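Secondary and tertiary structure notes
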Amino acid sequence: MKTLLKSLLFAVIAALGVPAFAAPENHEEFARQYMPESQAVFERFRKDCAETQKLRESLAEDLRVMNRALDDDAGYCALSEKITELEKREAEWANTIKDAFFKHKAGMATSEKLSEADAVLAKKSIAWENDVLKNLIKNSLAMFGVPVTVKIPGRNYAFGKYEVTQKEYESVMGRNPSRFKGGNLPVEQVSWNDAVEFCKKLTERERALGRISADQEYRLPTEEEWEHACRAGTTTKYYTGDTEADLARAGWYRRNSDGKTHPVGQKVPNAFGLYDMHGNVWEWTSTPDGTDRVNRGGGCGNSADFCESSYRSSISPEFRDNALGFRVVLSEVQ
C-alpha cells in the first residue's frame, strides 16, 4: 500500500512539472485520511493549468494569424508580458501544492498517526490552500481583461496604450458586439453608455482583486486629455507629421485599411508610447457637447482630415458604429 501511494504521488507531481520531494514515510493512516483531499488539490491545479495553456495557445494563434514574431514589435511585447505572468503564476501554484505536502510531512514527523488537533489543522490547511489556488487562478484568468496603461508625463493619470480590444471587452462584459471579429481587434459597435459601463465594471473587478486601490478608477478620457495624449508634444496634423504618408505610418484610415479595423499596436506609437491614436476606430471621450458626447481620432473608413489630432466630432451617447470604440484612463477618483 505504501509503495502504491508513493508511486501515485510521484506520478502526479511529475505530470504537473512540480519538483519531486520525499513522500512521508510509514504514514498509511495519514495517506488514507488525506490523500483524497490532496488529490483534489492536484486535480484543480491540473485543470487550471490546462485552461492557462488554452489561453496561451490563443495568444500564439493571434500572433500566427498576424504573421508576427512575439518580440518583433512593441505592441506584441505586451502579449509576451502576459505569457510571462502566466508562467509566474503557474510556478506559484506548483509551490503552493509542494509546500502543502511539506507541511503535512512536518505534522507527521513525531507520530505514526495524527492527533485530533493535528487532524483538524491539516483539514484547515487543505481548505486554505484550496482558497489560495482559487484566488491565484481568478487573478491569472482575469488579467486578460486589463487594458495596458502608460503614465502620461507631468499628469496624474495613466492612458490606455491601445484601444480596448474585443478580448478585453468580452472578459469584462461577457459579450462581444463587434462587427469585425478578432480578439486583438479594437472593440466597436459600443455606445458611449456601453463604454462607461465597461469602465465601471472593470474598476469594480480590479478593486476586488486588489490590483487598484479604492481611490483609483478606470474611466473615459476628457477631450483635453485625449488630445494631449494624442499629440504627445507635437503640433503637426498627426503625431508623425503633416502628410498622408505620415498618417499611414501612424494609423489605419480609408486608403490603407481595406475598409476594416486592424489589430491594435501595429503602427508607429507616439512619444508617449500610445498606439492607434489616429484611425482604426473613433474613440469616445467623457466630454459633453450639448446632449451628445465628443469622439476623437477618426476611423478606418475615414479620409485623412478626419484623423487629424485636432479634429473633433460628437454624436448621441446611444449611437453605435463598426468604427467607434474607446480607450481608458486610470486615475485617482475625481
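Calculation notes
Residues numbered from 1 in each chain as written. Predicted model: local features only at pLDDT ≥ 70, side-chain atom pairs only at ≥ 80, totals over all residues. Heavy atoms only, no water. Buried < 20%, exposed > 50% of the residue type's maximum accessible area, 1.4 Å probe, protein only. Helix = DSSP H or I, 4+ residues; strand = E, 2+ residues; numbered from the N terminus. Salt bridge = Lys/Arg side-chain N within 4 Å of Asp/Glu carboxyl O. Pairing = 2+ DSSP bridges. Axes fitted to C-alpha atoms, helices over the stretch in contact; angles between N-to-C directions. Contact = heavy atoms within 4.5 Å. Phe/Tyr/Trp six-rings, centres within 6.5 Å; stacked < 30°, edge-to-face > 60°. Polar contact = N/O pair within 3.5 Å; in protein donor to acceptor, adjacent residues only side chain to side chain. Core = buried A, V, L, I, M, F, W, Y, C linked by side-chain atoms within 4.5 Å. Disulfide = S-S within 2.5 Å. Expected span 1.5 Å × (residues − 1).

**Describing helix 5 (residues 166-173)**
The buried count for helix 5 comes to 6 of 8 residues, which makes it a mostly enclosed element. Phi turns positive, to about 80°, at Gly 174, one or two residues after helix 5.

**Here we look at the pattern of salt bridges**
For the coordinates displayed, the defined rule picks out 14 salt bridges. Close ionic contact of Arg 211 with Glu 206 constitutes a salt bridge, the shortest N to O distance being 2.7 Å. In this structure Arg 211 comes out as partly exposed when scored by relative accessible area, which is 31%. Notably, a salt bridge pairs Arg 255 with Glu 244, separated by 3.6 Å at the nearest N-O pair. Taken together, the residues span a long stretch of sequence, with Arg 255 in the loop between helix 8 (244-250) and strand 4 (282-289) and Glu 244 in helix 8 at a distance of 11 residues.

**Looking at unusual backbone geometry**
Positive phi, close to 60°, is recorded for Asp 258, a residue that is not glycine. Judged by relative accessible area, Asp 258 falls into the exposed class, the value being 65%. The backbone phi angle of Asp 276 is positive, close to 60°, even though this residue is not glycine.

**Some details on the pairing of strand 8 (residues 329-332)**
Here strand 2 (residues 157-160) pairs with strand 8 via 3 bridges, running antiparallel. By the bridge assignment, Ala 158 is partnered in strand 8 with Leu 330. In this sheet, strand 8 lies alongside strand 3 (residues 216-219) in antiparallel orientation, the contact comprising 4 bridges. Looking at the pairing, Gln 216 lines up with Glu 332 of strand 8.

**A look at the sheet that holds strand 3**
If you walk across this open sheet you meet the 4 strands as 1-2-8-3, and the pairing is antiparallel. The open sheet has two edge strands, strand 1 (149-151) and strand 3, and neither has a second partner. Strand-to-strand twist across the sheet, computed as the mean angle between neighbouring axes with direction ignored, equals 30°. Of the strands in this sheet, strand 2, strand 3 and strand 8 touch helix 7 (residues 223-231), which is tilted by about 70° from strand 2.

**Structural notes on the packing of aromatic side chains**
The full count for this structure, using the stated rule, is 7 aromatic pairs. With a centroid separation of 5.6 Å and an interplanar angle of 10°, the aromatic rings of Tyr 169 and Phe 198 are classed as stacked. Of this pair, Tyr 169 sits in helix 5 while Phe 198 sits in helix 6 (residues 192-208), and the two are 29 residues apart along the sequence. Tyr 169 sits in the buried class, given a relative accessible area of 0%. When the ring of Phe 198 is compared with that of Phe 326, the centres are 5.4 Å apart and the planes differ by 70°; the resulting orientation is edge-to-face. Taken together, the residues span a long stretch of sequence, with Phe 198 in helix 6 and Phe 326 in the loop between strand 7 (324-325) and strand 8 at a distance of 128 residues.

**Some details on the side chain of Ser 178**
Locating Ser 178 in the fold gives a position in the loop between helix 5 and helix 6. Of note is the side chain of Ser 178, whose polar atom sits 3.2 Å from the backbone nitrogen of Glu 188. Those residues in contact with Ser 178, other than ones at most four positions away along the chain, are Gln 166, Pro 186, Val 187, Glu 188 and Gln 189.

**Section: the sheet that holds strand 5 (residues 292-296)**
Taken in spatial order, the 4 strands line up as 6-5-4-7 in an open sheet, and their pairing is mixed. Edge positions in the sheet fall to strand 6 (312-315) and strand 7, since each has one partner strand and no second. For strand 5 and strand 6, the ladder comprises 4 bridges, and the chain directions are antiparallel. Within strand 6, the residue paired with Val 294 across the bridge is Ser 314.

**Structural notes on the environment of Gln 166**
Within the element layout of this structure, Gln 166 appears in helix 5. Residue Gln 166 is classed as buried on the basis of its relative accessible area of 1%. Between the C-alpha atom of Gln 166 and that of Gly 182, which follows or precedes it by 16 residues, the distance is 6.7 Å. Here Gln 166 is in contact with Asn 176, Ser 178, Phe 180, Lys 181, Gly 182, Gly 183, Leu 185, Pro 186, Val 187 and Glu 188, once residues within four sequence places are set aside. From its side chain, Gln 166 meets the backbone oxygen of Pro 186 in a polar contact 3.4 Å long.

**Side note on the nonpolar core**
Within soluble globular proteins, side chains that are nonpolar tend to cluster in buried spots. Tyr 169, Phe 198, Tyr 218 and Phe 326 are the most contacted members of the largest nonpolar core, which totals 22 residues. Of all the secondary-structure elements, those providing two or more residues to this core are helix 5, helix 6 and strand 4. Top contributing element to this core by residue count: helix 6, with 5 residues. Ignoring sequence-local partners within four residues, the contact set of Phe 326 consists of Glu 163, Val 164, Tyr 169, Val 187, Val 190, Ala 195, Phe 198, Leu 220, Trp 282, Glu 283 and Trp 284.

**Here we look at the state of the cysteines**
This model, assessed by the stated rule, comprises 0 disulfides. For the unlinked cysteine Cys 230, the closest cysteine sulfur is that of Cys 307, found at 10.0 Å.

**Quick look at helix 6**
Helix length check: helix 6, at 17 residues, gives a terminal C-alpha distance of 25 Å against a target of 24 Å (1.5 Å per residue), a fit within 8%. N-capping of helix 6 is provided by Ser 191, with a side-chain oxygen placed 3.4 Å from the backbone N of Asn 193. Taken from the residues just after helix 6, Gly 210 is the one with a positive phi, measuring 80°.

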